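One letter stands for each residue in the lines below.
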Amino acid sequence: MSLLHDAHALAPALTALRHALHREPELGLDLPRTQAKVLAALEGLGLEITLGTALSSVTAVLRGGRPGPAVLLRGDMDALPVQEETGLPYASVLDGRMHACGHDLHTTGLVGAARLLAARREELAGDVVFMFQPGEEGQGGAKIMIDEGVLDAAGERVVAAYALHVVSTGAPTGFAATRPGPMLAASDAVHVTVYGRGGHGSSPHSATDPVPALCAMVTALQTLVTREIDIFDPAVVTVGRLHAGTAANVIPATAHFDATVRTFSDTAHATVRAAFERTVHGVAAAHGVRAEIDYVEQYPPTVNHTDEADFALATARDILGADHAFEAPKPMAGSEDFSFVLREVPGAFVGLGACPPGTDPATAPMNHSPQAVYDDGALPHAAALLAGLALRRLAAAALSPGLPEASPHAASPAPALPSPPTDEEPVRP
């Protein structure tokens, strides 16, 4: 029987687990209820399990029936500080918390992959590391798990790593997309405080107003992107929050703004950071004020290795159907801490449609929305795809050190998969 057929047989159990996770979402690095549910779901599969020290992670190793290397499959487990407004019967029972980004599907899909692969243990030419990760939504849980040894959990460094991310809009359930090279952007958060000298609003000459300086900084940063950044290696600078003053007739002593910066290469990242800091300090000097910049580099770009992306796309076409897997035409500007994994080992990140039937993918609420709804029907697709990536990658490694040639497929028009906006802020566009 095919992986997808067997995954569909697991659908009732996977749906029950996903609903239980969805009802009790947890935030950040400490997910004790989620961890307990995952451990219960893995019980009896004969896995070697290690729990995290600095976070409530679960690392599970499945030993294959034949010798070979190890591959890693990852599922993130944390939710968002969002008040759910879906009206689902299994909606969150915890105020201000919601699996608005679909991580409950990722976790459940990885459990499903573990069950499928455990049933095929004797076919595995090597080992599989299952990485159940807290803290993707801004806390860098992947980096912490790497520091705690997840990439070497099988006794040697994994030769490849794969992860997927569901989207609630843009593509129907079961449609997958990936691409070689940049898949998602780097994400930086920048906090700028402008220091002037307060005074009365009627006498600006007697004060040093930080507000016009702040406004000039915001517009100058937009000009910076259009004049200094290569359009074929793009960057996004968005100022999402500004604050100054307490009354209309008071010139404040300070003003503040927060920005997000997205880039797709290390070169563009270095260029934007240097230009951002130069621009802010230059505008401040021109206005006779002083600026302090807290530039927080959060996640690097998620860059798929070319051979692994080709392999993942060919695997998705074979498992989900030739007309259900596409090469994404361009990167997405969301960010992901799976980027830390792909900086250490080859691998690929794949997008998977989970827009419910009867909902228009073009208008459905997107990831991070309090109205975002994900189709339980995506769970077998996620489980089968993850399991297939591990099974086939180990088989390929048994034949030769490199990857097999990706089988040719006729080009198909790709649906526009939206960015899974996973990065530093609680609710992100």
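Keep in mind it's a predicted model, so treat the numbers as computed, not measured.

**Q** Explain the environment of Thr107 to me, please; I cannot follow it from the model alone.
**A** If you trace the backbone, Thr107 turns up in helix α4 (residues 103–118). The spacing of Thr107 and Tyr374 is 267 residues in sequence and 14 Å in space, taken between C-alpha atoms. Those residues in contact with Thr107, other than ones at most four positions away along the chain, are Leu21, Val38, Asp76, Met77 and Phe132. Among the polar contacts listed, one links the side chain of Thr107 to the backbone oxygen of Asp76, at a separation of 3.0 Å.

**Q** Is there a simple way to explain the UniProt feature "domain: Peptidase M20 dimerisation" (unreviewed entry) in the protein chain in this structure?
**A** The positions that UniProt labels "domain: Peptidase M20 dimerisation" (unreviewed entry) are, in the present scheme, residues 189–278. When the span residues 189–278 is considered, its composition is 36% helix and 34% strand, and the gap between its end C-alpha atoms is 17 Å.

**Q** How should I be thinking about the sheet that holds strand β15 (residues 325–327) in this particular structure?
**A** Paired through backbone hydrogen bonds, the strands of a sheet run either parallel or antiparallel to each other. Pairing within the open sheet is mixed, and its 8 strands lie in the order β1-β2-β4-β3-β5-β16-β6-β15. Among the strands making up the open sheet, the edge pair consists of β1 (48–51) and β15. Within the sheet, the average angular offset between the axes of one strand and its neighbour, ignoring direction, is 25°. Pairing geometry for strand β6 (residues 176–178) and strand β16 (residues 347–355), over 2 bridges, is antiparallel. Residue pairing for β16: Ala177 is matched across the bridge by Gly351. Of the strands in this sheet, β5 (160–172), β6, β15 and β16 are in contact with helix α8 (residues 306–320), which crosses β15 at around 155°.

**Q** Sorry, what's going on with the packing of aromatic side chains here?
**A** Centre-to-centre distance and the angle between the planes together describe a pair of aromatic rings. Summed over all chains, the structure comprises 5 aromatic pairs. For the pair Phe175 and Phe326, a centre-to-centre distance of 6.0 Å together with 0° between the ring planes defines the contact as stacked. Of the two residues, Phe175 sits in the loop between β5 and β6 while Phe326 sits in strand β15, which places them 151 residues apart along the sequence. Looking at Phe326, the relative accessible area reads 5%, which means it is buried. It is Arg290 that lies over the ring of Tyr195; its NZ or CZ is 4.4 Å from the centre.

**Q** How do you make sense of the sheet that holds strand β10 (residues 235–244) when you look at a structure like this?
**A** The sheet built from 4 strands is open, its strands ordered β10-β12-β8-β13 with antiparallel pairing. At either end of the open sheet lies a strand with only one pairing partner, and these are β10 and β13 (290–299). Pairwise comparison of adjacent strand axes, ignoring direction, gives a mean angle of 15° for this sheet. As paired strands, β10 and strand β12 (residues 254–263) are joined by 9 bridges and run antiparallel to one another. Pairing of Thr238 across the sheet is with Thr260, part of β12. Contacting β8 (186–195), β10, β12 and β13, helix α6 (residues 210–228) crosses the sheet at an angle of about 170° to β10. Helix α7 (residues 266–287) contacts β8, β10, β12 and β13 of the sheet and is inclined by roughly 165° relative to β13.

**Q** In this structure, what is going on with the side chain of Thr59? I would like to understand it.
**A** Within the element layout of this structure, Thr59 appears in strand β2 (residues 58–63). Look past the residues within four positions of Thr59 in its chain and what remains in contact with it is Glu48, Ile49, Thr50, Val129, Phe130, Met145, Val150 and Ala153.

**Q** Would you mind showing me how to read α4 here?
**A** Each turn of an α-helix holds 3.6 residues, which means side chains three or four residues apart point in the same direction. Given a rise of 1.5 Å per residue, 16 residues ought to cover 22 Å, and the 22 Å separating the end C-alpha atoms of α4 matches this to within 8%. Burial runs high along α4: 15 of the 16 residues are buried.

**Q** What is the right way to read the nonpolar core from this model?
**A** A general trend in soluble globular proteins is that nonpolar side chains are found buried together. Within the largest apolar cluster, 61 residues are counted, with the highest numbers of intra-cluster contacts made by Leu42, Leu62, Leu73, Leu117, Val128, Phe130 and Phe132. The biggest single contributor to this core is helix α10 (residues 378–399), with 12 residues. Residues within four places of Leu73 in sequence aside, it is in contact with Leu110, Ala113, Leu117, Val128, Val129, Phe130, Met131, Tyr162, Leu386 and Ala390. In this structure, Val225, Ala235, Val239 and Val272 belong to the second largest nonpolar core, which totals 27 residues.

**Q** Would you mind going over the pattern of salt bridges with me for this structure?
**A** Pairs may arise between side chains of opposite charge once their charged atoms sit close together. A full pass over the atoms with the stated rule returns 21 salt bridges. Glu24 serves as the salt-bridge partner of Lys37, at 2.6 Å between the closest nitrogen and oxygen. In this pair, Lys37 sits in helix α3 (residues 32–42) while Glu24 sits in the loop between α2 (11–23) and α3, placing the two residues 13 residues apart along the sequence. The shortest N-O distance in the salt bridge between Arg393 and Glu308 comes to 3.1 Å. Linking Arg393 in helix α10 with Glu308 in helix α8, this pair joins segments that are 85 residues apart in sequence. When sorted by exposure, Arg393 lands in the same class as Glu308, which is buried. One connected set of salt bridges, linked through shared partners, spans Arg74, Asp76, Glu336 and Asp337.

**Q** Could you clarify how one ought to interpret the state of the cysteines in this entry?
**A** Scanning all chains against the criterion turns up 0 disulfides. Just so you know, Cys101 is unpaired, no disulfide at all, and the nearest cysteine sulfur is the one on Cys355, 15 Å from it.

**Q** It is not clear to me how α3 should be interpreted in this structure. Could you clarify?
**A** Residues of α3 that are buried include every one of Thr34, Gln35, Lys37, Val38, Ala41 and Leu42, and no others. Summarising the axial view, the buried residues of α3 lie within an arc of 160°, below the 170-degree limit, and thus occupy one face. Of the surrounding secondary structure, the elements contacted by the buried residues of α3 are α2, β1, β2, α4 and β4 (125–133). With its phi angle positive at about 85°, Gly44 sits one or two positions after the end of α3.

Conventions and cut-offs
- Residues numbered from 1 in each chain as written.
- Predicted model: local features only at pLDDT ≥ 70, side-chain atom pairs only at ≥ 80, totals over all residues.
- Heavy atoms only, no water.
- Helix = DSSP H or I, 4+ residues; strand = E, 2+ residues; numbered from the N terminus.
- Contact = heavy atoms within 4.5 Å.
- Polar contact = N/O pair within 3.5 Å; in protein donor to acceptor, adjacent residues only side chain to side chain.
- UniProt positions renumbered as here; feature names shortened; annotations may be inferred.
- Pairing = 2+ DSSP bridges.
- Axes fitted to C-alpha atoms, helices over the stretch in contact; angles between N-to-C directions.
- Phe/Tyr/Trp six-rings, centres within 6.5 Å; stacked < 30°, edge-to-face > 60°.
- Buried < 20%, exposed > 50% of the residue type's maximum accessible area, 1.4 Å probe, protein only.
- Lys NZ or Arg CZ within 6 Å of the ring centre and 35° of its normal.
- Expected span 1.5 Å × (residues − 1).
- Core = buried A, V, L, I, M, F, W, Y, C linked by side-chain atoms within 4.5 Å.
- Salt bridge = Lys/Arg side-chain N within 4 Å of Asp/Glu carboxyl O.
- Disulfide = S-S within 2.5 Å.
- Arc of directions from axis to C-beta.

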